[in-house]
Amino acid sequence: MGTYSKCGWLLVAIGVIHCGIGFILSREILAAWNEAGWWHSIESTDHLHMDRFALLWFQVAGLGWIAMGWLMQQWLQRFGTLPQALGWVLLATGVLVAYVLPISGAWLFLPLGLRIALPPSAALKPA
């Protein structure tokens, strides 16, 4: 089954890379955020710090992929296959994001989504 049996760990790796890039590219934002204090520092009565807001959700997305990848791996170990619909959703997400933001990591979702959507025939055979 090769890479199919490791699809969850591949998504974990994508999430770790995503979070790492977020931290590396946002050092100035993190420094300003730290100076402002963390509590209730994204939004005030008259201002929304979009840079902090974007960084927060960038990291939340990465952590979500890490959690989803870990769950996918647990599912694979228990059941042997992943729902093909999950692959199609990951593929569609990758296509959409790569189209609007071509210089990004969205391309990593294309082979991962295809691998899940079109699993090896051995993975589909009942035990």
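Just so you know, these numbers come straight off a predicted model, no measurement behind them. (Residues numbered from 1 in each chain as written. Predicted model: local features only at pLDDT ≥ 70, side-chain atom pairs only at ≥ 80, totals over all residues. Heavy atoms only, no water.)

## Quick word on the environment of I21
Under the convention used in this document: Strands here mean DSSP runs of E at least two residues long; helices mean DSSP runs of H or I at least four residues long; both are numbered from the N terminus. Three exposure classes are used, based on accessible area relative to the maximum for each residue type with a 1.4 Å probe and protein chains only: buried under 20%, partly exposed in between, and exposed over 50%.
Mapping I21 onto the fold places it in helix α1 (residues 7-25). A relative accessible area of 38% places I21 in the partly exposed class. Along the backbone, I21 and G62 are 41 residues apart, and their C-alpha atoms lie at a distance of 10.0 Å.

## Some remarks on the confidence of the model for the protein
To keep it simple, the criterion reads: How sure the predictor is of each residue is captured by pLDDT, a score from 0 to 100.
Of all residues in the protein, 94% attain a pLDDT of 70 or more, and the chain-wide mean is 89. Mean pLDDT values for the elements of the protein range from 60 in helix α6 (residues 121-124) up to 97 in helix α4 (residues 84-100).

## Things to note about the nonpolar core
Stated formally: Here, nonpolar core refers to any group of buried Ala, Val, Leu, Ile, Met, Phe, Trp, Tyr and Cys residues whose side-chain atoms link them within 4.5 Å.
By size, the foremost hydrophobic cluster in this structure holds 12 residues: Y4, C7, L11, I14, M72, L76, L82, L86, L90, F109, L112 and I116. Broken down by secondary-structure element, the contributors of at least two residues to this core are α1, α3 (50-79), α4 and α5 (109-117).

## Topic: the side chain of Q73
Here is the rule: Residues are treated as being in contact if the distance between any of their heavy atoms lies within 4.5 Å.
Within the secondary structure, Q73 is located in helix α3. Those residues in contact with Q73 that lie beyond four places of it in its chain are S5, K6, C7, G8 and W9.

## Looking at the packing of α1 against α5
What describes two packed helices is the angle between their axes and the distance between those same axes. To keep it simple, the criterion reads: Axes here mean lines fitted to C-alpha atoms, for a helix over just the part in contact, with angles spanning 0 to 180 degrees between N-to-C directions. Working rule for angles: under 35 degrees goes down as roughly parallel, over 145 as roughly antiparallel, 65 to 115 as roughly perpendicular, anything else as oblique. Crossing chirality is assigned from the near helix's rotation relative to the far helix, an anticlockwise turn below a right angle marking it left-handed and a clockwise turn marking it right-handed. Lys, Arg, Asp and Glu make up the charged group, whereas Ala, Val, Leu, Ile, Met, Phe, Trp, Tyr, Cys and Pro make up the nonpolar group; the residues left over, Gly among them, are polar.
Put simply, α1 and α5 touch, their axes get as near as 11 Å, and they point 160° apart. Accordingly, the angle class assigned to the pair α1 and α5 is roughly antiparallel. In the packing of α1 onto α5, the handedness of the crossing is left-handed. Note on element contacts: α5 touches α1 through F109, L112, R115 and I116, opposite C7, L10, L11 and I14. Split into classes, the residues belonging to the contact of α1 with α5 amount to 7 nonpolar, no polar and 1 charged.

## Things to note about the packing of aromatic side chains
Put simply, the rule is: Think of it this way: a Phe, Tyr or Trp ring, Trp meaning its six-membered ring, pairs with another when their centres are within 6.5 Å, and the plane angle makes it stacked under 30 degrees, edge-to-face over 60, tilted otherwise.
Here the structure, examined in full by the defined rule, presents 2 aromatic pairs. Ring centres of W75 and F79 lie 4.5 Å apart, and the angle between their planes is 50°; on these two criteria the pair is classed as tilted. With W75 and F79 both in helix α3 and 4 residues apart, the pair spans about one turn of that helix.

## Description of a nonpolar patch on the surface
How we decide: For patch building, the residue pool is restricted to those with more than 30% relative accessible area and no salt bridge; the joining distance is 9 Å between like charges and 5 Å between nonpolar side chains (Val, Leu, Ile, Met, Phe, Trp, Tyr). Here the Shrake-Rupley method, with its probe set to 1.4 Å, supplies the accessible areas, and only the displayed protein chains count as covering residues. One speaks of a salt bridge when a side-chain nitrogen belonging to Lys or Arg is within 4 Å of a carboxyl oxygen belonging to Asp or Glu.
A cluster of nonpolar residues, L48, M50, F53, L56, W57 and V60, forms a patch on the protein surface that exposes about 520 Å² of accessible area. Turning to its location among the elements, V60 is positioned in helix α3.

## Observations concerning α4
Here is the rule: By definition here, a helix of n residues has an expected span of 1.5 Å times n minus one. Working note: the arc is built from the helix axis to C-beta atom directions.
An ideal rise of 1.5 Å per residue puts 24 Å on 17 residues; α4 measures up with 25 Å between its terminal C-alpha atoms. Of all the positions in α4, only L86, G87, L90, L91, G94 and A98 are classed as buried. For α4, the angular spread of the buried residues around the axis is 135°, confining them to a single face. Looking at α4, the residues exposed on the side facing more than 90 degrees away from the buried face are A85, V89, L96, Y99 and V100. In this fold, the buried residues of α4 make contact with α3 and α5.

## What to know about the environment of T45
In this structure, T45 sits in the loop between α2 (27-36) and α3. Judged by relative accessible area, which is 86%, T45 ranks as exposed. The sequence separation of T45 and Q77 amounts to 32 residues, and the corresponding C-alpha distance is 49 Å.

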